[in-house]
Each structure stands twice: as C-alpha cells, then as structure tokens.
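# Structure at a glance
If you want the building blocks of each chain, they are given just below.
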Amino acid sequence: SAVICNDKAVGYMGSIYTGIARMICGEYMSQSYSITDPLTSKLVTLRLIQSRDPKIKAAVNGAKASIGIDVGLNAEFVNPSDAFKTNKDAKRFLDYVCTCLENGAQRIIYDSQKKYGCDILGTGEKLKARFPDIKSWKKFDWKSNYKNADIKVNFYIDSSYFEEVE
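Structure report, in brief. (Residues numbered from 1 in each chain as written. Predicted model: local features only at pLDDT ≥ 70, side-chain atom pairs only at ≥ 80, totals over all residues. Heavy atoms only, no water.)

On to the overall build of the protein chain. Summing up its helical and strand segments, the protein chain has five helices and seven strands in all. C-alpha atoms of the protein chain, sized along the principal axes, occupy 55 × 35 × 25 Å. With 166 residues in all, the protein chain has 40% of them scored as buried. Residue pairs in contact within the protein chain that sit at least 24 positions apart in sequence constitute 65% of those at least 6 positions apart. Only carbon and sulfur atoms are counted for the fraction: they give 51% of the accessible area of the protein chain, which is about 9,700 Å². Charge centroids of the protein chain, computed over 24 positive and 20 negative side chains, lie 8 Å from each other. (Helix = DSSP H or I, 4+ residues; strand = E, 2+ residues; numbered from the N terminus. Buried < 20%, exposed > 50% of the residue type's maximum accessible area, 1.4 Å probe, protein only. Contact = heavy atoms within 4.5 Å. Areas by Shrake-Rupley, 256 points an atom, 1.4 Å probe, with all protein chains shown as cover. Lys, Arg positive; Asp, Glu negative; His and termini not counted. Charge placed at Lys NZ, Arg CZ, Asp CG, Glu CD.)

Laid out in structure tokens, this is it:
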C-alpha cells in the first residue's frame, strides 16, 4: 500500500504492515497469517480477527505527547493440525504472535515519525481531544511534535478458549 502524506505518496508499506496499521486504526476485519513457531519451527496458519475497537490513552506534558494503544484480537487456527497439544503451548505461541505484531507496529511508528514525518495512523486525532480548544491544539503544533511523540502499541489475543484445565 502506498503511504500518503499531505496528498502525496511518500513511501510504500507491505501487506503485513498494512494489516497491522489497519488493526491499530480499528479498520481491520480479519486475515490469515502463516507464522513459524520459533520453538518447533512448525508453520502455523492463524486467522486474526479484530475483537473490539482499539483503546487509546493519550497525554501531553509540555511539547511531549504520549499515546498508548491497546489492540484486542481473537485468533483461530485455520487447520486443525496447527492446533497445539497443550493450552500452555498455544498461549506461548499467541504471546509470540503479539510480540511480532508489536514489533511491526513499532516499525510503522518509527518509519512514520523519522522517515515520512507524517502521522499516517491518525494518532493526533485522539490526542486532539486532550486540548480544551482548537487554538490550544494548533499552538501545540502536532505536525512538529509528532516526530518526538512516545507511541506504544500493545496487542492482546483473547485466548480464553485455551484456559480449560488440561
């Protein structure tokens, strides 16, 4: 997908990163991914489904903005043979998937801040609500302060169906 900033194409984002960006923005439905389990080297096909809108916490301290985004997902193993023998193994793998998604999100954020200089995820729209009026928001100058904002994304996969006693 093309990365658009101020009505101009400034870069390109591959399909996996586009999926992660859509999860962060709450525009994601579902998609299947094949992921290698680092413990067993087994290729596992997993369908990730957005379970709710992302929860966003934002704060401003002077010229520094901090934004935390929690993204909730559900997961289904596409092939029954991909299922894990124990709930513990399944949870370990899903934690690994969350770590992979978080690393991808941090790369998207880094690129958008340092490479493109543009808030491609629309995080500023959430931050804007922390200001009493539009004049204060404009004075804050998000376009300039975005590159130094602290943005952290956490992914959670609901694994409640793995919580049965073995």
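Now for the nonpolar core. Residues Met23, Ile24, Leu48, Phe93, Leu127, Trp142 and Phe155 are the most contacted members of the largest nonpolar core, which totals 45 residues. Elements with a minimum of two residues in this core: strand E1 (2-5), helix H1 (15-25), strand E3 (30-36), strand E4 (43-50), strand E6 (64-77), helix H2 (87-116), helix H4 (134-140) and strand E7 (150-158). Sort the elements by how many residues they give to this core and H2 lands first, with ten residues. Ignoring any residue separated from it by four or fewer positions in sequence, one finds Met23 in contact with Tyr28, Tyr33, Leu48, Gln50, Pro54, Val71, Leu73, Leu101 and Phe155. (Core = buried A, V, L, I, M, F, W, Y, C linked by side-chain atoms within 4.5 Å.)

As used in these notes, a disulfide is a covalent bond between sulfur atoms, one from each of two cysteines. Tallying each qualifying case throughout the model produces one disulfide. With a sulfur-sulfur separation of 2.3 Å, Cys5 is cross-linked through a disulfide to Cys118. In this structure, the disulfide formed by Cys5 and Cys118 twists by about 105 degrees around the S-S bond and is classed as right-handed. Taken together, the residues Cys5 in strand E1 and Cys118 in the loop between H2 and helix H3 (123-128) connect sequence positions 113 residues apart. With relative accessibility at 8%, the residue Cys5 sits in the buried group. (Disulfide = S-S within 2.5 Å.)

With the rule as written, the count across this model stands at nine aromatic pairs. For the ring pair Phe140 and Trp142, a centre distance of 6.4 Å and an interplane angle of 20 degrees mean the geometry is stacked. Accessibility expressed as a relative area gives 8% for Phe140, which makes it buried. Between Trp142 and Tyr146 the ring centres are 5.2 Å apart and the planes differ by 65 degrees, which places this aromatic pair in the edge-to-face class. The burial state of Trp142 is the same as that of Tyr146; both residues are buried. Connected via pairs of aromatic rings, a cluster forms that spans Phe131, Trp137, Phe140, Trp142 and Tyr146. A cation over a ring is seen here: Lys42 above Phe84, with NZ or CZ 5.9 Å from the ring centre. (Phe/Tyr/Trp six-rings, centres within 6.5 Å; stacked < 30°, edge-to-face > 60°. Lys NZ or Arg CZ within 6 Å of the ring centre and 35° of its normal.)

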